[in-house]
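Structure at a glance
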Amino acid sequence: MRAPTIPLPLARTLLRPLYRTIFRPRIPWRVQRAVLNGVARCQPLPTGTLRRPLVLGERAAERVVADHDGGSGAVLYLHGGGYTVGSIGTHRSLAAHLAKRTRRPVYLLDYRLAPEHPCPAAVVDAVEAFLAMVVDEGHSPGDIALAGDSAGGGIALAAAQWLIHEHGMTPAALALISPWSDPAFVPVRRRDVVVNRAWGFACAGAYLGDGDALDWRYAPAQGDLCGLPPTYVLAAEEEILRDQIVELAVALRRSGTTVRYVESPRLWHAAQAQAGLVRQAADSVRDIAGFLTIRFLQRSPKCRTLT
Amino acid sequence: MTQDNDVFAGKVAVITGAGSGIGQALAVELAGRGARLALSDVASDGLEATAMRCQARGAEVATDRLDVTERAAVLAYADDVRARFGAVNQIYNNAGIAFYGEVDRQHQKDIERVFDVNFWGVVASITAFLPHLIESGDGHVITVSSLFGLITFPGQSAYNASKFAVRGFTEALRQEMLVGRYPVRVTCVHPGGIRTAVARNATAAEGLDAAAIARKFDQRLALHSPEMAARAIVNGVRRRRARVVIGAEARALDRLARLTPVGSQRFGALLSRVVAIAPRPGTRP
């Protein structure tokens, strides 16, 4: 049942040139998207994974389930990719591992990408999808966790703020994997295994469009962080976003949010997307799933009557 | 490997300037090796980030805002750390500031400010903690000097002098510990160009653009990550090295300075023209 995995140093050695080749500002976005989607096909899914395409809000989505134990709770997952690339396909493996370990359905959303659709299109899509999960899929708002990696982490954080302040709905929890929550932040380092500064600037500019760089929907780390649910924040030690992720974790804790900050010394930026190939990435997803599962269980009525 | 980690596991390490750069990387590296950490910085913002990262590695961390130029505060802090942790094993004198300015353009107060932090700060810290280090039976003083504590560079007179001074103080301390057979080891660290905030936070003499100088320094001379520097320091401590020079370029320049003390001055002057950190007005860049 276990799919074969590849050793972590080998994975790093293979991924570095791939990302270095395609994450370039001069390569058209549609080419970058196509290459990423193609490469993602070699990622195996855990056995027993069930997928159901659906529409959330007005966007395509996919419900991924593996080993569902019937408990309440679900995850809305926002994929990464610098607000400009990435898809349901690139993050299906991560979502399937998350679904397997939480034993809850994970909804992957195909939100609108920049530069065709700059901020706040992605956040609007995420909020609409969350509301559709409540209305169409029958989940209680407090039972839905928001999760995302990289740009998806930024979208998840912005969507959570929107839901809390505009709709009075607080999600069950947040899981932010290598979140990019302040695109205007200039990192010290030039590149890591996955991303480089020049590509990051191009993405940040594409996503900003004609907007304001201080808009909380663009840079949710600068927004109102009060009232957020328990949040899992993860960074890779050697990624260029690390400093801004640590800053976000500190800001969240200062605002009174329960924060679990985790830093992985050996993995790279959003390595959890390779959960199907790298054992350490799968282990990391399991740790995230553990955090979310505890939140789901704490919120279930059975648990409430016990306490 | 277990034996190696005994150098740090459960040991109490004090790090000044732990809010950023080499100090933060040192704290994180030591946290991963099981040290108990007393971290301080003059600004509390970065300190919280360092603590967050160390706690993610399961370390016991105490953070305090401390200005190493306030001697009384440093003395009180040393006793406080001793009381809270029960012992003090390693002190990393890392806090430092940079300043750029030619001799004829800087004020006395600029030089004094550099010395207050880079030299007197270290002196205060060593004198305050030394009794506790001796008492622990397993003490180690680690002072972060600089490559500029080994070679001189135009425009760095104040910084150069402070880093040479701190090197002299530290090396003499090591000799005293050897002569007196005290259980305290001493390591002097000379990092080359590290990407830290020290250049970016530097001030410059009037009429010079500190930000532009810092940018040039970062682009042309900052070759290594703080993490690499931290690993080198920790390795030096583990191996009980008296001197740790970080970076191939720093080691090469160190050799040059010892081979030809006068020639290395010329070389430094030439190098400053090549990298054009801050050309004097009226001279060709």
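Residues numbered from 1 in each chain as written. Chains lettered and ligands numbered in written order. Predicted model: local features only at pLDDT ≥ 70, side-chain atom pairs only at ≥ 80, totals over all residues. Heavy atoms only, no water.

Regarding the overall build of chain A
Using the following cut-off: Numbering of helices and strands runs from the N terminus, with a helix taken as a DSSP run of H or I at least four residues long and a strand as a DSSP run of E at least two residues long. In this setup the radius of gyration rests on C-alpha atoms only. A globule is expected at 2.2 Å times the number of residues raised to 0.38. The classification of residues rests on relative accessible area computed with a 1.4 Å probe and restricted to protein chains. Under 20% of the type maximum is buried, over 50% is exposed, and intermediate values are partly exposed. Contacts are residue-level and defined by heavy atoms, with any inter-residue pair within 4.5 Å sufficient. In these tables, accessible area is a Shrake-Rupley quantity obtained with a 1.4 Å probe, and a residue counts as shielded only by the protein chains included in the view.
Per the secondary structure count, chain A includes nine helices and eight strands. Taken over the C-alpha trace, chain A has a radius of gyration of 18 Å; the compact-globule value for 307 residues is 19 Å, and the two agree within 12%. Taking the principal axes of the C-alpha coordinates as reference, chain A spans close to 55 × 45 × 35 Å. Going through the 307 residues of chain A one by one, you find that 58% of them count as buried. In chain A, the share of contacts with a sequence separation of at least 24, taken over all contacts with a separation of at least 6, comes to 78%. Total accessible area computed for chain A in this model is approximately 12,300 Å², and 54% of it derives from carbon and sulfur atoms.

Examining helix α6 (residues 197-208) of chain A
For an α-helix, the turn length of 3.6 residues means that residues three or four places apart are oriented alike. Residue and element names in this part refer to chain A. As a reminder, the rule being used: Helix span, expected: 1.5 Å multiplied by one less than the number of residues in the helix. Pairs of N or O atoms within 3.5 Å make up the polar contacts considered here, provided that, within protein, one atom can donate a hydrogen while the other can accept it, and that residues adjacent in sequence are counted only when both atoms are side-chain atoms.
When the terminal C-alpha atoms of α6 are compared, their 16 Å separation across 12 residues agrees well with the 16 Å that a helix rising 1.5 Å per residue should span. Packing partners of the buried residues in α6 comprise α2 (29-40) and α4 (121-135). The opening residue of α6 is N196, an N-cap whose side-chain oxygen sits 3.3 Å from the backbone nitrogen of A198. Just past α6, the residue G209 takes up positive phi, approximately 55°.

A look at the environment of L223 of chain B
All names here are of chain B. Looking at the element boundaries, L223 is found in the loop between α8 (210-220) and α9 (226-238). Along the backbone, L223 and V179 are 44 residues apart, and their C-alpha atoms lie at a distance of 38 Å. Excluding residues that lie within four positions of it along the chain, L223 makes contacts with G193, R195 and E249.

Let's talk about the packing of aromatic side chains
The way to describe two aromatic rings as a pair is by their centre distance and the angle between their planes. Convention followed: Stacked, tilted and edge-to-face are the three classes assigned to paired rings of Phe, Tyr and Trp, where Trp is represented by its six-membered ring and a pair needs centres within 6.5 Å; plane angles under 30 degrees give stacked, over 60 edge-to-face, the rest tilted.
Scanning the model with the defined rule gives 13 aromatic pairs over all chains in all. For the pair F119 of chain B and F169 of chain B, a centre-to-centre distance of 5.9 Å together with 90° between the ring planes defines the contact as edge-to-face. Here F169 of chain B lies in helix α6 (residues 157-179) and F119 of chain B lies in helix α5 (residues 108-136), a separation of 50 residues in the sequence. A ring pair is formed by F148 of chain B and F153 of chain B, whose centres lie 5.2 Å apart and whose planes are at 15°; its orientation type is stacked. One exposure class covers both F148 of chain B and F153 of chain B, and it is buried. A connected cluster of aromatic rings, assembled from ring pairs, spans Y83, W180, Y207 and Y218 of chain A.

Remarks on the packing of α4 of chain A against helix α5 (residues 151-167) of chain A
Residue and element names in this part refer to chain A. Here is the rule: Every axis corresponds to a line fitted to the C-alpha atoms, with the helix fit spanning only the stretch in contact, and the corresponding angles, defined between N-to-C directions, vary from 0 to 180 degrees. Reported orientations rely on four angle classes, namely roughly parallel under 35 degrees, roughly antiparallel over 145, roughly perpendicular from 65 to 115, and oblique for the rest. Crossing handedness is read from the near helix: turned anticlockwise from the far helix by less than a right angle, it gives a left-handed crossing, and turned clockwise, a right-handed one. Asp, Glu, Lys and Arg are counted as charged, while Ala, Val, Leu, Ile, Met, Phe, Trp, Tyr, Cys and Pro are counted as nonpolar; the rest, among them Gly, fall into the polar class.
Between α4 and α5, whose axes approach to 9 Å, the crossing angle comes to 60°. Judged by the inter-axis angle, α4 sits oblique to α5. In this structure, the crossing between α4 and α5 has a hand that is right-handed. Residues A122, V123, V124, A126, V127, F130 and L131 of α4 form the contact with α5, whose own contacting residues are I155, A158, A159, W162, L163 and H167. Of the residues contributing to the contact of α4 with α5, the split by class is 12 nonpolar, one polar and no charged.

Concerning the side chain of N94 of chain B
All names here are of chain B. Tracing the sequence through the fold places N94 in the loop between β4 (90-93) and β5 (99-100). Looking at N94, its side chain comes within polar contact range of the main-chain oxygen of G17, at 3.0 Å. Beyond its immediate stretch of four places on either side in the chain, N94 contacts T16, G17, I22, G23 and V144.

With respect to the pairing of strand β1 (residues 50-56) of chain A
Residue and element names in this part refer to chain A. The line we're drawing: Only when DSSP finds a minimum of two bridges between them are two strands counted as paired.
Looking at chain direction, β1 and strand β2 (residues 59-65) are connected through seven bridges and run antiparallel. Paired with L54 across the strands is A61, a residue of β2. A loop of two residues connects β1 with β2, the two strands running antiparallel in sequence, and G57 in this loop sits at a positive phi of about 65°.

Observations concerning the nonpolar core
Nonpolar side chains in soluble globular proteins generally cluster together in the buried interior. Here is the rule we go by: Here, nonpolar core refers to any group of buried Ala, Val, Leu, Ile, Met, Phe, Trp, Tyr and Cys residues whose side-chain atoms link them within 4.5 Å.
The biggest cluster of nonpolar side chains holds 80 residues, and the ones touching the most others in it are F23, L56, L76, L78, L146, Y261 and W268 of chain A. V12, V74, V117 and V123 of chain B belong to the second-largest nonpolar core, a separate cluster that totals 31 residues.

Focus on the interface of chain A and chain B
How we decide: By buried area we mean how much accessible surface two parts lose on assembly, using a 1.4 Å probe and totalling the loss over both. Think of a salt bridge as a Lys or Arg side-chain nitrogen and an Asp or Glu carboxyl oxygen that are within 4 Å of each other.
Across the boundary between the two partners, chain A contributes 14 residues, which contact 15 residues of chain B. Summed over both sides, the interface of chain A with chain B buries roughly 1,300 Å², with 50% coming from carbon and sulfur. On the surface where chain A and chain B come into contact, there are six salt bridges. With a closest N to O distance of 3.9 Å, R231 of chain B and E238 of chain A form a salt bridge. Summed over the shared surface of chain A and chain B, the number is five residue pairs in polar contact (both at pLDDT 80 or more). The biggest single contributor to the side of chain A that touches chain B is helix α7 (residues 242-254) of chain A, with seven residues. Grouping the constituent residues of the side of chain A that touches chain B by class yields six nonpolar, no polar and eight charged.

As for the confidence of the model for chain B
Filter applied, for reference: Confidence of the predictor at the level of single residues is given by pLDDT, which spans 0 to 100.
Across chain B, pLDDT averages 91, with 93% of residues at or above 70. Scoring of the predicted complex yields 0.90 for pTM and 0.87 for ipTM.

As for helix α11 (residues 261-275) of chain B
Residue and element names in this part refer to chain B. What counts is decided by this rule: Directions are taken from the helix axis to each C-beta atom, and the arc is the one they span.
In a regular helix each residue adds 1.5 Å, so 15 residues correspond to 21 Å; α11 covers 21 Å between its end C-alpha atoms and thus fits that length. Within the sequence span of α11, burial applies to S264, G268, S272 and V275. Buried residues along α11 cover an arc of 85° about the axis, so they all sit on one side. Opposite the buried face of α11, at more than 90 degrees from it, the exposed residues are V262, R266, L270, R273 and V274.

Quick look at the pattern of salt bridges
Per the stated rule, a full pass over the model turns up 32 salt bridges over all chains. Residues participating in the shared-partner salt-bridge network are R59, D110, R112 and D125 of chain A.

A closer look at the packing of helix α1 (residues 8-22) of chain A against α2 of chain A
When two helices pack together, their arrangement is given by the angle between the helix axes and by the axis-to-axis distance. Residues and elements named next belong to chain A. Look at α1 against α2: their axes get within 10 Å of each other, and the N-to-C directions meet at 155°. Classified by the angle between their axes, α1 and α2 sit roughly antiparallel to one another. Every residue of α2 that contacts α1 at L18, Y19 and I22 is listed here: Q32, V35, L36 and V39. A class-by-class count of the residues in the contact of α1 with α2 yields six nonpolar, one polar and no charged.

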